[in-house]
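# Observations on the three-dimensional arrangement
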Amino acid sequence: MIRNYLKSAVRNFLKHRSFTLLNILGLSLGLSASVLILQYVKYEKSYDTFHADIDNIYRIQYNTIQNGKKTVECAAAVPAVGPALRDNFAEVKQFTRLFPVSGVISYESPQRGFISFREEKMQITDPAVFEVFDFNLLKGNPETCLEGPNKVVITERAAEKYFDNEDPMGKTIEWDGDIEFEVTGILENVPQNSHIKFDFLFSYQTLNDRTDNASETAWGWYDFNTYVMVDPQADIVDLQAKWDLYLEEERGENWEKYNYSQEFILRPLRNIHLYSNLLQESEPDEQGDGDSVYFLTIIAFFILIIAWVNYINLSTAKSFERANEVGVRKVMGAEKGQLIKQFMAESFLINLLATLIAVLVVRLSWPGFADLAGRNIPVSYILNVDFWILVSTLFLVGTFLSGSYPALVLSSFKPVAVLKGKVIRSAGGNIMRKGLVVFQFAASVILISGTVIVYQQLNYMKNRELGFDIHQTLVIEGPGITDSLYEENLEAFKLEALKIAGVQQMTAASNVPGDEIFWTRTIRRLQGGPESSITVYNVGIDHDYVGAFDLKMVAGRNFSKDFPNDRERVLLNRELVESLEFEDPESAIGEKLRLGGDTLEIAGVLENYHQMSLKSKVASLAFRLVPSSSFYSFKIGSGDHREVLSGLKEPWEAFFPGNPIDYFFLDSFFNKQYEKDRQFGQVFGLFSLLAIFVASLGLFGLASFLTIQRTKEIGIRKVLGSTVPNIVMLLSRGFIQLVIISNLIAWPLAWWLMNSWLQSFPYRISINPLLFLGAGFGVIFIAFLSVGFQTLKAALLNPAETLKYE
């Protein structure tokens, strides 16, 4: 019997080739797009899941409250927190701290000579890091490899980079030319789906007593990503409450003395990648976005449902052509159940072919999609059992959902009625079909609107005035290996650099725009101002920084070599002046401040500019005169930058020997902050277009249904004198009503969804209502293209052909 069902299905497919191909195309595109998106979603949600105790690991978030406001929300906590939690709460089994560092690593190789590279992915950590996390140590003892000072564990990647075929164990490397470390372990490369990435782990005791738990520094130096492992039975809400009470008892007196308070909140490791966007994240450039993942999941199901709706519409559109077949089968003794099985078999075969094609498309497009999404999603995902469970589930659900309704409609025809040419069309069936089409239209309007808004927001952020000149700026990271003559060497290097053709200006600073500032201090006015101190970000600059970046002075003056005591002065930005409650920038000039442990005089006030991207608010900044800072920025002409680099090489090697030249262009570096949003926009836009294309196939099905239903009516109207345009408008009338209804449904939904997404940006566009009108007209245009062929074909039919049996 099953064999007969399949043979009959194949014959029907061959008879209606275009119909079959249209169904397979729509379903395969819908399935492949949805599977790709859902695999991306799965990858984003897989971060840190390779740690066996992921649900028992929490990172400590550090908040500072000053003058009733939360001034700091930071992923890095203070070093005293981990020991305090473990030693005072039985629920906390262990802790570990990771302190991110960078510098020049060098090794004297017997075969290759002196090797040095600047490394950014380095951490100082406790021995317990291998107890809390499941990083795979290939060589070395996890209990002792980081015990004691000056020990380092390196990854396979670092081992190959520095030691090639040598065994690194027991060898010595240098950090910034003055600290030696013994290699005591080799680690498997950190998985890509880890929110913590590193190539070097230095032993924590290298810091000596600088983080002793009893010292005040241990409660104020917040650069340590701190993780605790808790008992699986622990009540986290209860632990947090007891921890808050402990802090109040232990630290309350100190808080009251300095008129501020601290919060240390336990955040689940599982949520960090997608739902944490704090200062000092471990990998800010790779941090995920839960909202983006949510929106893409919605698109995946939109595409799937639209593809299934297409099959239903196309099948029911063809159902009346098969009415006679159903009537004959019933007269010959076929029961309703047998007919349902027949039509479900057809759905099974169509969905099977579409699924096989979809799997092939997914495999071929996987590398391109991974590049588009900006994630190194392993191709091995296709071999995982989870992948095939997902594909099988979508196949079975699709077979049932897309096949059941057409099967019920076709099997319910009355043999006497259909053989007389009178098929009764139910109002319920019409409502069902129209409702599905309205859904397709509404989804299309939402997707078009969403895509346009995403691109408008991205363009707004990239093109908004930043408050400084970012263009034609080459940045070289300062030397890691230095000596006591560094400041004099820097000044001499600057003089030589300015002689190079194409170099217009050079300035040195501790941070360049786009580089997150970790140097923070508390600041307060000596007279007046807020009751308590304010946490402020510090930037070390030289005399030329303000001019080189075209920053605007709104009051006072810049640092100048004409004032030898300018190291005892400070520049503030307007935001900090307002936070310190000065009446205006002019009134701040000459006032004294307490910044950290120093008393400084305000020399000038700078206009606000965006140190970080427009995804962050303008921060309060204090600028100190520190000529020997670590980023060298060169304003260059429009010529070949390679000539500038070539000219810089000789003086660099002369004044900073042993240091590699690592450079970047500031505009590219700054815009990297928008890379995740750009990638989201690309993915969102691509799959929105796919969804709209798949939906247009469904509209083609609706046009087929309407024209088949009204073929004889069209013939009569043409006999009575109707023109082709009249008939096209007649056929389009009901369709236009569906478009209007779908737009009325889609507009508020699109506004709500996209307005919710925009709320995550402090600087954002206003949604223009005309955008929704444009999306609506866009859908109408796409729909007319989809249905125009069918309506025109029906209108051009010779009435003699349609009426000859009457």
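The text that follows walks through the structure, step by step, so that each part is easy to find. Not measured: the values here are computed from a predicted model.

## A word on the overall build of the chain
If you tally the helices and strands in the chain, you get 24 helices and 22 strands. Classification of the 806 residues of the chain by burial places 53% in the buried group. Within the chain, counting contacts between residues at least 6 apart in sequence, those at least 24 apart form 81% of the total. Only carbon and sulfur atoms are counted for the fraction: they give 55% of the accessible area of the chain, which is about 36500 Å².

## A short note on the packing of aromatic side chains
One pass over the full model with this rule turns up 50 aromatic pairs. Between Phe 493 and Tyr 632, the ring centres sit 6.1 Å apart and the planes meet at 40 degrees, which makes this aromatic pair tilted. Taken together, the positions of Phe 493 in helix α14 (residues 486-497) and Tyr 632 in strand β21 (residues 631-636) put the pair 139 residues apart, joining distant regions of the chain. Judged by its relative accessible area of 0%, Phe 493 is buried. Measuring from ring centre to ring centre gives 6.4 Å for Phe 631 and Phe 664, while their planes differ by 70 degrees; the resulting arrangement is edge-to-face. Of this pair, Phe 631 sits in strand β21 while Phe 664 sits in strand β22 (residues 663-665), and the two are 33 residues apart along the sequence. Like Phe 631, the residue Phe 664 is buried in the burial classification. Members of the aromatic cluster, connected to one another through ring pairs, are Tyr 62, Phe 89, Trp 219, Tyr 222, Trp 243, Tyr 246 and Phe 264. The ring of Phe 563 carries Arg 557 above its face, with NZ or CZ at 3.6 Å from the centroid.

## Looking at the pairing of strand β7 (residues 172-175)
What you see with β7 is a clean split: Ile 173 and Trp 175 sit on the buried side and Thr 172 and Glu 174 on the side with no burial. Here strand β3 (residues 92-109) runs beside β7; their pairing, made up of two bridges, is antiparallel. Paired with Ser 106 across the bridge in β7 is Glu 174. Relative to strand β8 (residues 179-187), β7 runs antiparallel, the two being bridged by four bridges. Bridged to Thr 172 within β8 is Glu 182. Here β7 hands over to β8 after three residues, with Asp 176 in that stretch at a positive phi of 55 degrees.

## As for the pattern of salt bridges
Applying the stated criterion to the full structure yields 31 salt bridges. Here Lys 197 makes a salt bridge to Glu 286, at a shortest N to O gap of 2.8 Å. Of this pair, Lys 197 sits in the loop between β8 and β9 (200-203) while Glu 286 sits in the loop between α7 (272-275) and α8 (290-319), placing them 89 residues apart in sequence. The class for Lys 197 is buried, based on a relative accessible area of 9%. The closest approach of N and O atoms between Arg 567 and Glu 487, which form a salt bridge, is 2.8 Å. Taken as a pair, Arg 567 in the loop between β16 (553-556) and β17 (569-573) and Glu 487 in helix α14 lie far apart in primary sequence, 80 residues in all. On the basis of relative accessible area, Arg 567 is assigned to the partly exposed category, the value being 43%.

## As for α14
Over its twelve residues, α14 extends 16 Å from the first C-alpha to the last, a length consistent with the 16 Å expected when each residue adds 1.5 Å. Residues of α14 that are buried: Tyr 486, Asn 489, Leu 490, Phe 493, Lys 494 and Ala 497. An end-on view of α14 places all buried positions within 140 degrees of arc, on one side of the element.

## Some remarks on the environment of Lys 561
Mapped onto the elements, Lys 561 comes out in the loop between β16 and β17. Given the relative accessible area of 58%, Lys 561 is considered exposed. Linking Lys 561 and Asp 542, residues 19 residues apart in sequence, is a C-alpha distance of 9.9 Å. With residues near it in sequence (within four places) discarded, Lys 561 still touches Glu 491 and His 543.

## Notes on the nonpolar core
Nonpolar side chains in soluble globular proteins tend to be buried together. Of all hydrophobic cores here, the largest spans 109 residues; its most connected members are Phe 441, Ile 541, Phe 623 and Phe 687. Counting residues per element, this core draws most heavily on helix α13 (residues 427-463), which supplies 13 residues.

## Digging into the pairing of β9
The side-chain alternation of β9 yields two buried faces, one formed by Phe 200 and Phe 202 and the other by Leu 201 and Ser 203. Across four bridges, strand β4 (residues 113-125) lies against β9 in parallel orientation. Looking across to β9, one finds that Thr 125 is bridged to Ser 203. In terms of strand pairing, strand β6 (residues 151-155) meets β9 through three bridges, oriented antiparallel. For Val 153, the partnering residue across the bridge sits in β9 and is Leu 201.

## Considerations on the packing of α14 against helix α18 (residues 641-655)
It is at 10 Å that the axes of α14 and α18 come closest, and there the two elements cross at 165 degrees. Judged by the angle between their axes, α14 and α18 are roughly antiparallel. In this structure, the crossing between α14 and α18 has a hand that is right-handed. Of the residues in α18, those in contact with Asn 489, Ala 492, Phe 493, Glu 496 and Ala 497 of α14 are Leu 648, Pro 651, Trp 652 and Phe 655. Of the residues in the contact of α14 with α18, the class split is seven nonpolar, one polar and one charged.

## Description of the side chain of Ser 633
Along the polypeptide, Ser 633 turns up in strand β21. Aside from chain neighbours lying at most four places away, what touches Ser 633 is Thr 473, Leu 474, Val 475, Gln 505, Met 506, Thr 507, Val 512 and Phe 549.

About the thresholds
- Residues numbered from 1 in each chain as written.
- Predicted model: local features only at pLDDT ≥ 70, side-chain atom pairs only at ≥ 80, totals over all residues.
- Heavy atoms only, no water.
- Helix = DSSP H or I, 4+ residues; strand = E, 2+ residues; numbered from the N terminus.
- Buried < 20%, exposed > 50% of the residue type's maximum accessible area, 1.4 Å probe, protein only.
- Contact = heavy atoms within 4.5 Å.
- Areas by Shrake-Rupley, 256 points an atom, 1.4 Å probe, with all protein chains shown as cover.
- Phe/Tyr/Trp six-rings, centres within 6.5 Å; stacked < 30°, edge-to-face > 60°.
- Lys NZ or Arg CZ within 6 Å of the ring centre and 35° of its normal.
- Pairing = 2+ DSSP bridges.
- Salt bridge = Lys/Arg side-chain N within 4 Å of Asp/Glu carboxyl O.
- Expected span 1.5 Å × (residues − 1).
- Arc of directions from axis to C-beta.
- Core = buried A, V, L, I, M, F, W, Y, C linked by side-chain atoms within 4.5 Å.
- Axes fitted to C-alpha atoms, helices over the stretch in contact; angles between N-to-C directions.
- Parallel < 35°, antiparallel > 145°, perpendicular 65-115°, else oblique.
- Left-handed = near helix turned anticlockwise from the far one by under 90°.
- Nonpolar A, V, L, I, M, F, W, Y, C, P; charged D, E, K, R; others polar.

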